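Next come the chains, spelled out residue by residue.
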Amino acid sequence: MIFHTHTADETIALGEKIGELLHPGDVIAMSGTLAAGKTTITKGIAKALDIEETITSPTFCLISEYYGKKMPLYHMDVYRLEGEEDFINLGVEDMLYGQGVCIIEWSEKVKKELPKKTIYLTITPTSETEREIKLENWHNGDIQI
């Protein structure tokens, strides 16, 4: 599935529609350049999970945990990790195979360690505000925008 958004608000709205269809145990592996919109779309997913906290990039803390009314959200940024071994040493197994949703930014660095049912989301900026968002291995139903 490929979507096009024209503003940050549209990217958040798409994230919300994706989030409404997520289930406990879903993992979303995100890729995209710096400032592509990975955290922006995560804000929409968090909104759908009834998370009231402000979503920020976990670049420096590596993992941010949020607890909403529907299920937890584990937002990871593995940009600064050396590879799969560092990822596993963070103790992520309970999050990857737990009752929440995992979102992993810069996921290409740890792809070998992700569950087979991982959903892949690639964000490509097409202009300063426009984005092409590609979902692969999506198994949760149709997204209407």
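Nothing here was measured: the structure is a model prediction, and the numbers come from that model.

Asks: Teacher, can you tell me more about the overall build of the protein here?
Replies: A tally of regular secondary structure across the protein gives four helices and seven strands. Rg of the C-alpha trace for the protein: 14 Å, near the compact-globule value of 15 Å for 145 residues, within the 12% margin. The dimensions of the protein, computed from C-alpha atoms along their principal axes, are 40 × 30 × 30 Å. Burial status across the protein gives 49% buried among its 145 residues. Here the analysis covers contacts within the protein between residues at least 6 apart in sequence; of these, 61% occur between residues at least 24 apart.

Asks: What am I meant to see in helix 1 (residues 8-20) here?
Replies: Its 13 residues place the ends of helix 1 18 Å apart at the C-alpha level, agreeing with the 18 Å of an ideal helix rising 1.5 Å per residue. Residues of helix 1 that are buried: T11, L14, G15, I18 and G19. Viewed along the axis of helix 1, the buried residues span an arc of 140°, placing them on a single side of the element. Turned more than 90 degrees from where helix 1 packs its buried face, D9 and E20 sit exposed. Against the buried residues of helix 1 lie strand 1 (2-5), strand 2 (27-31), helix 2 (38-48), strand 6 (119-125) and strand 7 (131-136).

How each quantity is defined
- Residues numbered from 1 in each chain as written.
- Predicted model: local features only at pLDDT ≥ 70, side-chain atom pairs only at ≥ 80, totals over all residues.
- Heavy atoms only, no water.
- Helix = DSSP H or I, 4+ residues; strand = E, 2+ residues; numbered from the N terminus.
- Rg over C-alpha atoms; globule rule 2.2 N^0.38 Å.
- Buried < 20%, exposed > 50% of the residue type's maximum accessible area, 1.4 Å probe, protein only.
- Contact = heavy atoms within 4.5 Å.
- Expected span 1.5 Å × (residues − 1).
- Arc of directions from axis to C-beta.

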